[in-house]
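# Residue-level structural notes
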Amino acid sequence: MSTRLATGGRLLNKQKALNFSFNGKRLRGYEGDTLASALLANDQMLVGRSFKYHRPRGVVASGAEEPNGLVNLGAEGKFEPNQRVTTTELFEGLSAQSQNHWPSLEFDVGAINTHLSRFLPAGFYYKMFIHPRPLWKHVYEPIIRQSAGLGRAPKARDADTYEHFHFFCDVMVIGGGVAGLQAAKSAAATGAKVLLVEQTAHWGGRAPVDGGTVDGVPVENFVDQTVSELETMPNVILRKRLMGAGVYDHGYVLGYEQLRDHAPEKPGPRHRLWRIRAAHIVTATGAIERPLPFAGNDVPGVMLASAVRDYVVNYGVAAGDRTVVVTNNDDAYLTAFALKYAGLNVPVIVDARVLPEDSPAMEQAKALGIRVIMGHGLAKVQGTKRVTGVAICSQAGAGAVLEEIACDAVAMSGGWSPVVHLWSHCGGKLVWDDAQAHFRPDVDKAPTGADGQPFVTAAGAANGSLRLGDVLGDGDQAGKLAASAAGFKVKQTACPVGESTQEAPMVPVWLMPQGAGVELRSKAWLDYQNDVKVSDVQLAAQEGFESVEHAKRYTTLGMATDQGKLSNINGLATLAGALNASIPQVGTTTFRPPYTPISMGSIAGEARDAVFQPLRRTPMHDWHDANGADWEPVGHWRRPYCYQRAGESVNDAVMRETKNARENLGLLDASTLGKLIVKGPDAGKFLDMLYTNMMSTLKPGKCRYGLMCSENGFLIDDGVVARIDEDTFLCHTTTGGAERIHGHMEEWLQTEWWDWQVYVANVTEQYAQIAVVGPNARKALEKLGGMDVSKDALGFMEWADGELGGFRVRVYRISFSGELSYEIAVDAGQGQAFWDALMVVGHDLGVMPYGTEALHILRAEKGFIMIGDETDGTVIPQDLGLHWAISKKKEDFLGKRAQERSHMTDPDRWKLVGLETLSGAVLPDGAYAVGDGENANGQKNMIGRVTSSYYSPNLDKGIAMGLVLHGPDRMGDVIEFPGTNGATYKARIVDPVFYDTQGEKGNV
Amino acid sequence: MLTLTCPVCGVTAEETEFHGGGEAHLKRFGPGASDDDFEDYLFMRENPRGVHFERWRHAYGCGKWFHAARCTTTLQVFGTYAAQTYEPPKEICDKITGERPGWSWRLFK
Amino acid sequence: MSDPVTALNGVSSDSGIATITGVPLQGMITLRGDLSAAAVKNAATGVAAVDMPGQGEANCVENRGICWMSPDELLVLCPYETVAANIEKMQQTLGIQHALVANVSDARASFRLGGPRAREVLAKLCPVDLSPGAFTPGMFRRTRMAQVPAAFWMRNADTFQIICFRSQARYVFDLLKISAQPGSEVHLYHA
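Note on numbering: residues in each chain are counted from 1, in written sequence order. Each chain is given a letter, starting from A, and each ligand a number, starting from 1, according to the order in which they appear as written. Only residues with pLDDT of at least 70 are given local features in this predicted model, and only at 80 or more are side-chain atom pairs given and counted; all residues enter the totals for whole chains, interfaces and linings.

You'll find chain C entered in an unreviewed UniProt entry as Sarcosine oxidase subunit gamma, with Roseobacter insulae given as the organism.

In the nomenclature of an unreviewed UniProt entry, chain A corresponds to Sarcosine oxidase subunit alpha family protein from the organism Roseobacter insulae.

Okay, here's the thing in structure tokens:
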């Protein structure tokens, strides 16, 4: 059993006990524990079930690489699945539930899959569920969905907050082990601004556990002293619990800071995503120990040798009373020593190597009285939910059992793989190191930045330097190189000297025993979480999935939440063996950020709830809101669709507003329309190029409706242009067009006609603009008093500056409804007051505000087009019968050449017409009209479509506009529009002007 | 995510401050142009693996357009320069030649 | 005529790690023109009563000042009630010089972000190096604030003045308030 020792635990504060629960069981740990160490201290080795076979799973590792110990943490708004127990710091009240089992962790029905594993090999799902096809949707998929997946998806809204932080530095050092500390120190000595980050809560990495000396003092003291020195340097920033999650182009790094995961009671955001730009990056991210592939290596109690050591030294926790160490290298001997020093039993060190002479580690083991057997391996592990013993065999053989040894834990080590993820994220290449049997960064093929120079340097174990003496020197060098690359002058400073120990070379072991038969290979796990075994990878190779990327996807090796941190190298080696290729020939799969999963909340940052996206508000927004506005998004703006009164439906409100604007007086908040000032000696010439019609001939004081097209000839915007004076125009754009058209103007001025003397300013938000519409419009303005707004003083399509009701205003006599209408601009700061004044004077004139839907109906009744309804990026003005707005005199305007192309002048282009159903019903918006015959696909030929369709309360029938083949030549014809409800609508082609066809209402 | 230096206002900023505007140094063809010239102008674009010339706008900054010479494979930026020109400046071409001997892009070498 | 109001009309927050205050009505005039032309310079300095700022700088005293927006654009600050008269004055100074002058006082909203943590709060939202060594009083920066355009400069060692579009005032205020939430110190920049 696993237990807490009476002594030891360098990271623990034993003065402070913490209560927590696992699957409802109340347990105790100490401050400083991880959830993993606290569970092991309570003899909770079994922590979950595997993905496919639901095999019992125990803690394997002690850090970010953990594949098994995944739990649901918290509840309600604090619930989060798939949290690694090894990186979860214990806090008072922590509540965890294990995942992927039913009905319970101890007894899981799904475990039947392990007995069926012979029938569930790699690619099982692909092979099994492809036939018969109908079964997939209704039978297979629901069942697989039910049994698939690890944690539960959260249901409640996330109760925490998150944020981003932008940070800039010269050198960023990722990893706070001895290599990172020394790199930070040597870089900082040059005066460079250095950010040093460490993903855990502790400095020093593995060194304090592994031991050794630096300049004669214990490495732990060196770590403390270096941290203290760095803390006093003003140009150094140190951050713990901040992981370098990803390295991207041009020195961009995402840093994931966990602020409150260990202290949920503190106020503030939970995670902070650092968006860092560093001139140079040092990846001192250490190395990860590899498991050994032997039968039963997934039984709870089989752990990485380094993890077993960590639990003893850091947390005073014994994984077992009797621990067998199995290894192919000297490093794992340290685990045996640590256990021995803690008074625990190590019955045997099983070493796969056959060496000519003993290394110092072996000698020390023997001196401690530990039995060491060389050239041997494990044939299998006994036990199901917990290790009960191991069977020993010759590594060279096929697995004949030579001896059985009782034990309750196995510490395994297959060698060390540098953490090259961050090096590789942005294109750093790797080389295969034969001596250490791992991939390490290829220093000649580093990621390159904006200047074409390398911007990442790997240091320490992450660079393949596994021994303390090498690690320090490597870190020192990396720091200097980084500072120099960032433009700082490096002074030659002495590097502390780490203790160098003599080690015997490791010998790669990709299968134990090397001749293991299929029986053993199908129990030798590579990927614990996704249940991929040696036999699966071999099968994939046999079935032709020879590319490493294919084999990965076929077997799911490395596709679990741990992304193969433990399994990938063993998997590659297995694949290489099966293909009879070298490991570097097979290569690695792609390393993609983030290094370990980061919260979705941290990615979103502040962008949620009220600030999920920037809502734009007009000066009268609050009034609309208080007066029943049913909001419609228009770009980022919110505009009232209508103003609902008590007891009234949205449709009722729209009908009421639409009628009232024709009968009495309507007010529309038109502030969102774009307003661009175009000024300069060449302004007229410029607008002649931008609009299809002639603007340079417009007289000051007059307005003209204009169309804008792209160079491709298609309509992009429309609006009324007012000439303010000889060289100043004010151009109105659509609501969505203000920024876009402003940008469009600037683009042409800056990049094509840069010698033209024109300046543009976007003054959209300077003004509140209110449309005063209806037969009583003039009366309302006359009641306000001030400037003359009579027909003679201010005719249709004229504008004037003046005062109304004491407000300084600019009045445009323009109409998008066909009614007598004034659009009045006032400074935005007085928009609400002016609106209030209009409501007061309008009280006796039947004033009602109206929303965007009434606006649409009013314009459709008049056959006015709307950008985005009648246009969709493929429509030219000629399609809409707007020839009158296309100048024939101008030699050039944007879109003119395009409109001369044969396809644009084709008489078969669909053209705008009005449509009226024979029944008076409303045509479905977007419906297509069908004609005679069928196309090549056997579908009915289309001859048109509906672009706008409304019920008109003023005409008491459905009205629509549409684009129809030869439409204008087919007035009176009836065409058919199949609906989506099985019904077919018959509609007559009519003139698009439905209401007041002579335009008498506006001409008063 | 790139960093670019706006040659107009001198600010070095990350890509989110900018707006990409496609290929640089296009020559406009208007009314009177042949179908082929107009097609080239409107639709035909370089898609090089390597040296490329692009238009960018400092949309969240000074609002000005500029040009950038960039490598599409390594993302190295050889330089940025004013948009009011018909060809890349000599010093940028020389720099590219130093880094990518034998390069060519449309008519430029 | 009634009294004009700002977008959020006197809003403020001091519950977090920095104070956020809505700036009262501020006169703002956009001036576009050739900044090397004497008439353009004089038009700006004549009403702002400060010297011309250099590229990327703001030269502001109380509610007067000039901000460098781009090589052909200045933002001239003056008391709100003097805008109309100042535009008149600028037009006279400009004479026949090709330039554009526009009142944008109501088109913008402005906030002050103050306190020793102000740099940290702003750095959560803008992709700009806001460390004391990199951004100092006198500088002016137009950039992105979360999802909208914004510009800012420092009024003193620990106070920023931020300008955004009026329609986005609520969004920007909410952003600042969230970024200044209690307990969100980054513990990095100490004014």
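Alright, that's what it looks like, and here's the rest.
## Side note on the overall build of chain C
Only runs of H or I of at least four residues qualify as helices and only runs of E of at least two qualify as strands under DSSP, and these elements are numbered from the N terminus. Helices and strands together make up the secondary structure of chain C, namely 4 helices and 11 strands. Put simply, the radius of gyration uses C-alpha atoms, and a globule should come to 2.2 Å times the residue count raised to 0.38. For 191 residues, the compact-globule estimate of 2.2 N^0.38 gives 16 Å, and chain C sits close to it at 17 Å. By principal-axis analysis of the C-alpha atoms, chain C measures approximately 55 × 40 × 25 Å. Partly exposed residues are those whose C-beta has more than 12 but fewer than 20 other C-beta atoms within 10 Å; 20 or more makes a residue buried and 12 or fewer makes it exposed, with C-beta atoms placed from the backbone. The buried share of chain C, reckoned over its 191 residues, is 53%. By definition, residue pairs are in contact when their C-beta atoms, positioned from the backbone, come within 7 Å. Once local pairs closer than 6 in sequence are excluded, the contacts in chain C between residues at least 24 apart make up 63%.

## Some points on the domain arrangement of chain C
All names here are of chain C. These domain limits were set by an automatic method or by a database of domain assignments. Looking at the assigned domains, one finds that chain C contains domain 1 (12-24 + 107-179) and domain 2 (26-106). Placing the centre of domain 1 and that of domain 2 at their C-alpha centroids yields a distance of 22 Å. Counting residues at the interface gives 11 residues for domain 1, matched by 12 residues for domain 2. If you list the elements that add at least two residues to the side of domain 1 that touches domain 2, you get strand S8 (108-114) and strand S9 (140-145). Under this grouping Gly is polar, as are all residues other than the nonpolar Ala, Val, Leu, Ile, Met, Phe, Trp, Tyr, Cys and Pro and the charged Asp, Glu, Lys and Arg. Residues that form the side of domain 1 that touches domain 2 fall into these classes: 6 nonpolar, 2 polar and 3 charged.

## Comments concerning the packing of helix H5 (residues 178-188) of chain A against helix H7 (residues 219-232) of chain A
Residues and elements named next belong to chain A. Inter-axis angles, ranging from 0 to 180 degrees, are taken between N-to-C directions of lines fitted to C-alpha atoms, where helices are fitted over the stretch in contact. Two elements in contact, H5 and H7, have axes separated by 10 Å at closest approach and are oriented at 35°. Here the hand of the crossing between H5 and H7 comes out left-handed. For the pair H5 and H7, contact is made by Val 178, Leu 181, Ala 184, Lys 185 and Ala 188 and by Val 219, Val 223, Thr 226, Val 227, Glu 229 and Leu 230, respectively. Residues of the contact of H5 with H7, tallied by class, amount to 8 nonpolar, 1 polar and 2 charged. Crossing handedness is read from the near helix: turned anticlockwise from the far helix by less than a right angle, it gives a left-handed crossing, and turned clockwise, a right-handed one.

## Thoughts on the sheet that holds strand S36 (residues 674-679) of chain A
All names here are of chain A. With antiparallel pairing, 5 strands are arranged side by side in an open sheet as S37-S38-S39-S36-S40. At either end of the open sheet lies a strand with only one pairing partner, and these are strand S37 (703-709) and strand S40 (759-762). When strand polarity is set aside, the average angle formed by the axes of neighbouring strands in this sheet is 30°. Pairing of S36 with strand S39 (residues 728-733), which is carried by 6 bridges, proceeds in the antiparallel orientation. For two strands to count as paired, DSSP must find a minimum of two bridges between them.

## Concerning helix H15 (residues 548-555) of chain A
Residue and element names in this part refer to chain A. Within H15, burial applies to Val 548, Ala 551, Lys 552, Tyr 554 and Thr 555. Here the buried face of H15 lies against strand S32 (532-533), helix H14 (534-542), helix H16 (568-579) and helix H17 (583-586). Downstream of H15 by one or two residues, Thr 556 has phi in the positive range, about 70°.

## Some words on the environment of Trp 136 of chain A
All names here are of chain A. Take Trp 136: it is sitting in helix H4 (residues 133-147). Residue classification places Trp 136 among the partly exposed residues on the basis of 14 C-beta atoms within 10 Å. Filtering out sequence-adjacent residues up to four positions away, Trp 136 remains in contact with Phe 129 and Glu 141.

## Notes on the interface of chain A and chain C
Tallying the contact residues gives 39 residues for chain A and 42 residues for chain C. Elements that contribute at least two residues to the side of chain A that touches chain C include exactly strand S9 (162-174), S36 and S40 of chain A. Of the residues forming the side of chain A that touches chain C, the biggest block, 5 residues, is contributed by S9 of chain A. Counted by class, the side of chain A that touches chain C contains 18 nonpolar, 12 polar and 9 charged residues.

## Observations regarding the sheet that holds strand S25 (residues 403-406) of chain A
Residue and element names in this part refer to chain A. The sheet built from 3 strands is open, its strands ordered S23-S24-S25 with antiparallel pairing. Bordering the open sheet on either side are strand S23 (376-382) and S25, each of which pairs with just one other strand. Averaged over all adjacent pairs, the angle separating strand axes in this sheet is 30°, with direction ignored. For strand S24 (residues 389-394) and S25, the ladder comprises 4 bridges, and the chain directions are antiparallel. In the strand pairing of S25, Ile 392 is matched with Glu 403.

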